[in-house]
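Examining the three-dimensional arrangement
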Amino acid sequence: MTQDLLNQARARATAPDFIQVFDDPITAEGPLSGLTVAVKDLFDVQGYATGAGTAPRADRPVATQDATAVARLRAAGAGLIGHANMTEYAYSGLGLNPHHGTPLTPLIEGCIAGGSTSGGASAVARGVADIALGTDTGGSARIPAAFCGIYGFKPTASTIPRDGAVPLSHSLDSVGVLTSDPALLRPTLNVLRDTPLPAADMPGTVIVPQNFGLDDVAPEILEAFETALEVLAEGGISIRRLSLPFFDRYRALPVWQFSAVESRCHHGAEYDAHRDRLDPRVASRMARAEETDAPGYARTLLARQALADEATRIFADMPILLPSVAIMPPRLSDLEDDASYDRLNLLALRNTSLANVIDGCSVNLPLADLPGAGLMLTGPRGSDAMMLGMAEVLASEL
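Read on for a plain summary of the structure. On a predicted model such as this, the values are computed, not experimentally measured, just so you know.

Comments concerning unusual backbone geometry
The omega torsion across Ala 15 and Pro 16 is 5°, close enough to zero to call that bond cis. Residue placement: Pro 16 occurs in the loop between α1 (3-11) and β1 (18-21). Here Gly 115 and Ser 116 are connected by a cis peptide whose omega angle stands at 10°. Assignment of secondary structure puts Ser 116 in the loop between β3 (79-84) and α3 (118-125). Positive phi outside glycine occurs at Asp 359, with the angle close to 55°. Mapped onto the secondary structure, Asp 359 falls in the loop between α11 (338-357) and β10 (361-366).

Printed below as a string of structure tokens:
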């Protein structure tokens, strides 16, 4: 990519999808040469302030070096467009931002792009960026990928360094990748990872849970999901519909505690000093940290570890298949009252959060027959190669 082409992409990088546009040159050639990247506003980029989508950080000094993920993309020849908009502190699945505006999906007029990697997903879906560098704490790469009709990959957290990225929950955070071209997932992930992804065999069986993830799903999504299952079955994949005690134990876990407690660990000073300047919906979730105590949170951490270990045993050769999100992209006007916002936010995050809790990996595949909805494959920790291989094979079939 020439600098002129990158500058053309930057000229199209407008609000609310982008908070700031970079003006630094391309400095290297590599496997991502010719590709543009929207960088979520919680990754440090040398010479620019990292806002994390919030107002109290607006006066932060500029970063003195790139986040590790950004540095690897830059060294691979990618052109960095700018800092993309996001939910404040990445603390929501819906992508609303009262400080910088709310990105919308280009698929359905007036509907949100989803979050928290909202600006990056919208930029990719609109063709402004080839790739979005995001994060995923409870679905923040996969939810907006589904709402915007693109691919979103959440890797096993330990496989891509998070140095130089503003944390939300150090227990659940992972770097995420979004793109409209499934062929870009592998080269991008290989640049970001410490070691390249090997080839992997397709599993012969997938599990469709019967006691998790399918209740309260929008009827049109459920219909599209069943059609996708028929396509997979015709392609030789065995579909096992199972009710497993594992999912009952997962549903009993107070998943909200991770981000509530750990966001106060990382952003407590800003919360205490500037709560009146925060998004009220984010502040209210941070306040929930006070609803538990140290022994209670320690029990939650232990229960999470047990679930992750159990998932490794159960799903190593049989990944989980679900609709990525239970709802279609809501209209921005549907989220004006807090009760509707809370209900839809929980539904948006419900299915995707499982992968973060089990320290696994997961990918959203857009459903061509229903723009704004996605099919999600989820595997345990370390099954990234299998998830990516499945995504590459199934991308042309769905």
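After that view of the structure, there is still more to cover.
Focus on the packing of aromatic side chains
Using the criterion set out here, one finds seven aromatic pairs in the structure. For the pair Phe 212 and Phe 247, a centre-to-centre distance of 5.8 Å together with 5° between the ring planes defines the contact as stacked. Separated by 35 residues along the polypeptide, Phe 212 in the loop between β7 (205-209) and α6 (219-234) and Phe 247 in helix α7 (residues 245-251) bring together distant segments of the chain. Pair check on accessibility: Phe 212 and Phe 247 agree, each one buried. Relative to Tyr 250, the ring of Phe 212 lies with its centre 5.4 Å away and its plane at 85°, an arrangement referred to as edge-to-face. On the criterion of sequence distance, the pair formed by Phe 212 in the loop between β7 and α6 and Tyr 250 in helix α7 is long-range, its members being 38 residues apart. Exposure remark for Phe 212: the relative accessible area of 3% places this residue in the buried category. Among the aromatic residues, those joined into a ring-pair cluster are Phe 212, Phe 246, Phe 247, Tyr 250 and Phe 315. Above the plane of the ring of Trp 256 lies Arg 288, whose end atom (NZ or CZ) is 3.9 Å from the centre.

A word on the nonpolar core
Proteins that are soluble and globular tend to have nonpolar side chains buried together. By size, the foremost hydrophobic cluster in this structure holds 89 residues, and its most contacted members are Val 39, Phe 43, Leu 133 and Leu 321. Ranked by the residues each element gives to this core, the list is headed by helix α12 (residues 384-394), at seven residues. Setting aside its immediate chain neighbours within four residues, Leu 321 contacts Val 206, Ile 207, Val 208, Pro 209, Phe 225, Leu 229, Leu 232, Leu 375, Met 376 and Leu 377.

Observations concerning the side chain of Glu 270
Relative to the helices and strands, Glu 270 resides in helix α8 (residues 256-274). The contact partners of Glu 270, leaving out residues within four places of it in the chain, are Arg 57, Arg 60, Tyr 89 and Arg 275.

Concerning the side chain of Ser 324
Structurally, Ser 324 is set in the loop between β9 (320-323) and α11. Setting aside residues up to four positions removed in sequence, Ser 324 forms contacts with Ala 146, Asn 351, Thr 352, Asn 364, Gly 374, Leu 375 and Met 376.

Remarks on α11
In the structure, α11 departs most strongly from a straight axis at Arg 350, where the bend amounts to approximately 50°. Of all 20 residues in α11, 14 are buried, a share of seventy percent or more. Immediately downstream of α11, the backbone of Asp 359 shows phi near 55°, a positive value.

A look at the pattern of salt bridges
Tallied over the full model, the rule gives 17 salt bridges. We note a salt bridge from Asp 24 to Arg 74, for which the minimum N-O separation is 2.4 Å. Of this pair, Asp 24 sits in the loop between β1 and β2 (36-40) while Arg 74 sits in helix α2 (residues 68-75), and the two are 50 residues apart along the sequence. Arg 74 shares its class with Asp 24; the two are buried. A salt bridge links Glu 310 to Arg 249, with the nearest nitrogen and oxygen atoms 2.5 Å apart. Here the residue Glu 310 occupies a position in helix α10 (residues 294-314), and Arg 249 occupies one in helix α7, the gap between them amounting to 61 residues.

Rules of the game
Residues numbered from 1 in each chain as written. Predicted model: local features only at pLDDT ≥ 70, side-chain atom pairs only at ≥ 80, totals over all residues. Heavy atoms only, no water. Helix = DSSP H or I, 4+ residues; strand = E, 2+ residues; numbered from the N terminus. Phe/Tyr/Trp six-rings, centres within 6.5 Å; stacked < 30°, edge-to-face > 60°. Buried < 20%, exposed > 50% of the residue type's maximum accessible area, 1.4 Å probe, protein only. Lys NZ or Arg CZ within 6 Å of the ring centre and 35° of its normal. Core = buried A, V, L, I, M, F, W, Y, C linked by side-chain atoms within 4.5 Å. Contact = heavy atoms within 4.5 Å. Bend = angle between axes of the 7 residues up to and from the residue. Salt bridge = Lys/Arg side-chain N within 4 Å of Asp/Glu carboxyl O.

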